[in-house]
Amino acid sequence: MKVRIGYGLGVRTTLNDESFGVVVDALERLRFDSLWLSERIGGAAPDPVVGMAFAAGRTDRLKLGMSVMVLPGRNPVVVAKELATLDRLSGGRLLPAFGLGVADPHEQQAFGVERGERAAWFDEALAVIRACWTDERVTHDGPRFHYDGLRVEPKPRQSPPDVWLGGIAPSELRRVGRLADGWLPSFVTPRDAAAGRAVIEQVAAEHDREIEAEHFGVLVPYTLDGLPDTVMATLAARRPDLEDPAELVPRGWVALVDTVEAFLAAGTSKFVVLPLVEPASAVAWTDHLAEAADVLLPLQT
């Protein structure tokens, strides 16, 4: 099993100036596997496509993913063209991950899709994107999109890129089984990962599909200090089924390593770690990543 560890910046990051490049350079130099950027229109986080393109231009090996890019409300042909171009310019380092978008009125207003329409829009848009990546001419006649012999170039370097989806709700697990090439949930326990994988593999088999054993990952938030009250409240609301939602966030390097090893035992091999409390400056980020490399990268195989 190939173990890979990347870094996510999350929707609360403020790395949207020159400091972003400093962090990208450190991730490349320290040989982390990947960088993952989240999307939030009303937040300070950089746009994921722009951020990935910027990172691709100053690195040679760092893989680039989004966690996640919202599909409902976007033109899927334009998305397919943008991401195929990025995959080619980066030498095949794109890790596309898509989602429905956060259930927040502000964000839904920005994308212009009613909450009840998001799932159907997502499914159709993803089918169009994949057709643009693989077909010489795209013909599609659906509820939202209509194309007749549309040519979309260039094709991505990967043929095609594997699509990662997240989520832990029953409907989300079924969607992963039906449509995804990989699963990258967040704020889950190793127990959740094992149970979710069983559902995904069952649904995939029902649709004559198979997800590679190497394509089960997890985003692990962590902190080196205590959790802010606002974060604890968010965790409790997100996972009311857990007696102690703080178990979703390991505290300290030793706890983070223990958590990664617990996920490895559950069959998960691809990791995106994310500091819930960001280092305060670019220099603090580079020091933080150097410490992280010392404790985490020995786990890569």
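That block above? That's the structure.
Just so it is clear, the structure is predicted and the values come from calculations on it, not from any experiment.

Caption draft 1: Spatial organisation of unusual backbone geometry. For the bond running from serine 67 to valine 68, omega is 0 degrees, close enough to zero to count as cis. Mapped onto the elements of the fold, valine 68 is located in the loop between strand 3 (63-66) and strand 4 (69-70). Cis rather than trans, the peptide bond between serine 159 and proline 160 has omega equal to -10 degrees. Along the polypeptide, proline 160 turns up in the loop between strand 8 (146-150) and strand 9 (164-165). The backbone phi angle of arginine 31 is positive, close to 75 degrees, even though this residue is not glycine. A positive phi angle is found at aspartate 208, which is not glycine, with a value near 55 degrees. Looking at the element boundaries, aspartate 208 is found in the loop between helix 7 (190-206) and strand 11 (217-222). On the basis of relative accessible area, aspartate 208 is assigned to the exposed category, the value being 76%.

Caption draft 2: Looking closely at the pairing of strand 7 (residues 138-141). By the alternation rule, side chains of strand 7 split into Val138 and His140, which are all buried, and Thr139 and Asp141, of which none is buried. In the sheet, strand 7 pairs with strand 8 via three bridges, with the strands oriented antiparallel. Within strand 8, the position partnered with histidine 140 by the bridge is tyrosine 147. Linkage of strand 7 to strand 8, two consecutive antiparallel strands, is achieved through a turn of four residues.

Rules used in this analysis
- Residues numbered from 1 in each chain as written.
- Predicted model: local features only at pLDDT ≥ 70, side-chain atom pairs only at ≥ 80, totals over all residues.
- Heavy atoms only, no water.
- Helix = DSSP H or I, 4+ residues; strand = E, 2+ residues; numbered from the N terminus.
- Buried < 20%, exposed > 50% of the residue type's maximum accessible area, 1.4 Å probe, protein only.
- Pairing = 2+ DSSP bridges.

As far as function goes, none of this settles anything; it's purely spatial.
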